[in-house]
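Now for the letters of each chain:
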Amino acid sequence: MEMTDFDDSLDDNDVSVGAIDESGARQAVTQLLKALGEDVEREGLLHTPQRVARMYRELLSGYHVDPAALVNGALFEIRYDEMVLVRDIEFYSLCEHHILPFMGRVHVAYIPDGKVIGLSKIPRIVDMFARRLQVQERMTRQIADFLSDLLSPQGVAVVVEGMHLCSMMRGVKKHDARMTTSAMHGSFRTNHATRQEFLDNISRGAGPLQL
Ligand SMILES: [Zn+2]
């Protein structure tokens, strides 16, 4: 796959701004390979620095998404005050401690207060925060804060279930590799029944996290 675009997937809006220093990243990967004792001239590694630099451009493109362009045209004034729930949004991120992937599912719910957002935008908001160097706790909070600021809803809830390769690959106890984090705002925080309805919904019918 050619990775010349930040954003070749979901719609036509170009929401990316800025870029990484690709040649700097290429040189750094070469240096890293040398420091790791590799022969950077061997065939398998010849194009690795370039591939890695491009890969990071894609995997870290979330820093360069313009949020205003992302949500542009997808905010609607509507009288609806029941829970809006989007479950099982797949995400892939990189842990900032090891630059190894963590991935899993995000569940997002909110109770509108006059404003809703097009459903297809929610996975893109998740991507905007996942495609960065992250820790799962912060990513969870950023998604919730973003929706709170954007929609001023009665409440927002975000639950993230992630599996962390840095734990799985490094011989740490396996049960540490799986993590659930949550951020609850507004009525999801203050109203037990609302929070419980959300939690029941996301546990119902969902298989165990499999990747
Ligand atoms: Zn890590």
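Coordinates for the structure precede this section.
Below, the structure is looked at part by part. Every value quoted in this text rests on a predicted model; they were computed, and no experiment measured them.

Rules used in this analysis
Residues numbered from 1 in each chain as written. Predicted model: local features only at pLDDT ≥ 70, side-chain atom pairs only at ≥ 80, totals over all residues. Heavy atoms only, no water. Salt bridge = Lys/Arg side-chain N within 4 Å of Asp/Glu carboxyl O. Helix = DSSP H or I, 4+ residues; strand = E, 2+ residues; numbered from the N terminus. Buried < 20%, exposed > 50% of the residue type's maximum accessible area, 1.4 Å probe, protein only. Contact = heavy atoms within 4.5 Å. Pairing = 2+ DSSP bridges. Axes fitted to C-alpha atoms, helices over the stretch in contact; angles between N-to-C directions. 1 Å grid on protein atoms, 1.4 Å probe; cavity = no way out; pocket = protein on both sides within 12 Å on 5 of 7 lines; lining within 4 Å. Points joined across faces, edges and corners; volume = space filled by probe spheres on them. Nonpolar A, V, L, I, M, F, W, Y, C, P; charged D, E, K, R; others polar. Phe/Tyr/Trp six-rings, centres within 6.5 Å; stacked < 30°, edge-to-face > 60°. Parallel < 35°, antiparallel > 145°, perpendicular 65-115°, else oblique. Left-handed = near helix turned anticlockwise from the far one by under 90°.

### Focus on the pattern of salt bridges
Within the structure shown, the criterion is met by eight salt bridges. A salt bridge links Arg 138 to Glu 96; the nearest nitrogen and oxygen atoms lie 2.6 Å apart. Here Arg 138, found in helix 5 (residues 136-151), pairs with Glu 96, found in the loop between strand 2 (84-95) and strand 3 (101-111); they are 42 residues apart in sequence, far enough to count as distant. By relative accessible area, Arg 138 is classed as partly exposed at 24%.

### So, the side chain of Thr 194
Of note, Thr 194 is situated in helix 8 (residues 192-203). Ignoring anything within four residues of it in the chain, the contact list for Thr 194 reads Met 83, Ile 111, Ser 187 and Phe 188.

### Topic: the sheet that holds strand 5 (residues 133-134)
Through backbone hydrogen bonds, the strands of a sheet pair up, either in parallel or in antiparallel fashion. In space, the five strands of this open sheet follow the order 5-2-3-6-7, with mixed pairing throughout. Looking along the sheet, the strands with just one partner apiece sit at the ends: strand 5 and strand 7 (178-186). The pairing of strand 6 (residues 155-164) with strand 7 spans nine bridges and is antiparallel. Of the residues in strand 7, the one forming a bridge with Val 156 is His 185. Set on the sheet, helix 5 makes contact with strand 2, strand 3, strand 5, strand 6 and strand 7; between it and strand 7 the angle comes to about 25°.

### Things to note about the layout of surface pockets
Approximately 250 Å³ is the volume found for the largest pocket. Considering the residues around the largest pocket, the lining is formed by 13 residues, among which Val 29, Leu 32, Val 52, Tyr 56 and Ile 99 are closest to the centre. Of all the elements in the fold, those that place two or more residues in the lining of the largest pocket are helix 1 (22-35) and helix 2 (48-59). In terms of residue count, the dominant contributor to the lining of the largest pocket is helix 1 (five residues). Here the lining of the largest pocket is composed, by residue class, of twelve nonpolar, one polar and no charged.

### Regarding the pairing of strand 3
Along strand 3, ten of the eleven residues are buried, which leaves the element largely enclosed by surrounding structure. With nine bridges connecting them, strand 2 and strand 3 associate as antiparallel partners. Its bridge partner lying in strand 3, Leu 94 is registered against Pro 101.

### A few points about the packing of aromatic side chains
Using the criterion set out here, one finds three aromatic pairs in the structure. Taking 5.7 Å as the distance between ring centres and 70° as the angle between the ring planes, the aromatic pair formed by Phe 91 and Phe 102 counts as edge-to-face. Of this pair, Phe 91 sits in strand 2 while Phe 102 is found in strand 3, placing the two residues eleven residues apart along the sequence. With respect to burial, Phe 91 and Phe 102 carry one shared label: buried.

### Describing the packing of helix 1 against helix 2
Each pair of packed helices can be summarised by the angle the axes make with each other and by the distance between the axes. In contact at an axis separation of 8 Å, helix 1 and helix 2 are set at 125° when each is read in the N-to-C sense. Regarding the angle of helix 1 to helix 2, the classification is oblique. Our pair here, helix 1 against helix 2, has a crossing hand that is right-handed. The segment helix 1 lies against helix 2, with Glu 22, Ala 25, Arg 26, Val 29, Thr 30 and Leu 33 engaging Thr 48, Pro 49, Gln 50, Val 52, Ala 53, Arg 54 and Arg 57. The class makeup of the residues in the contact of helix 1 with helix 2 is six nonpolar, three polar and four charged.

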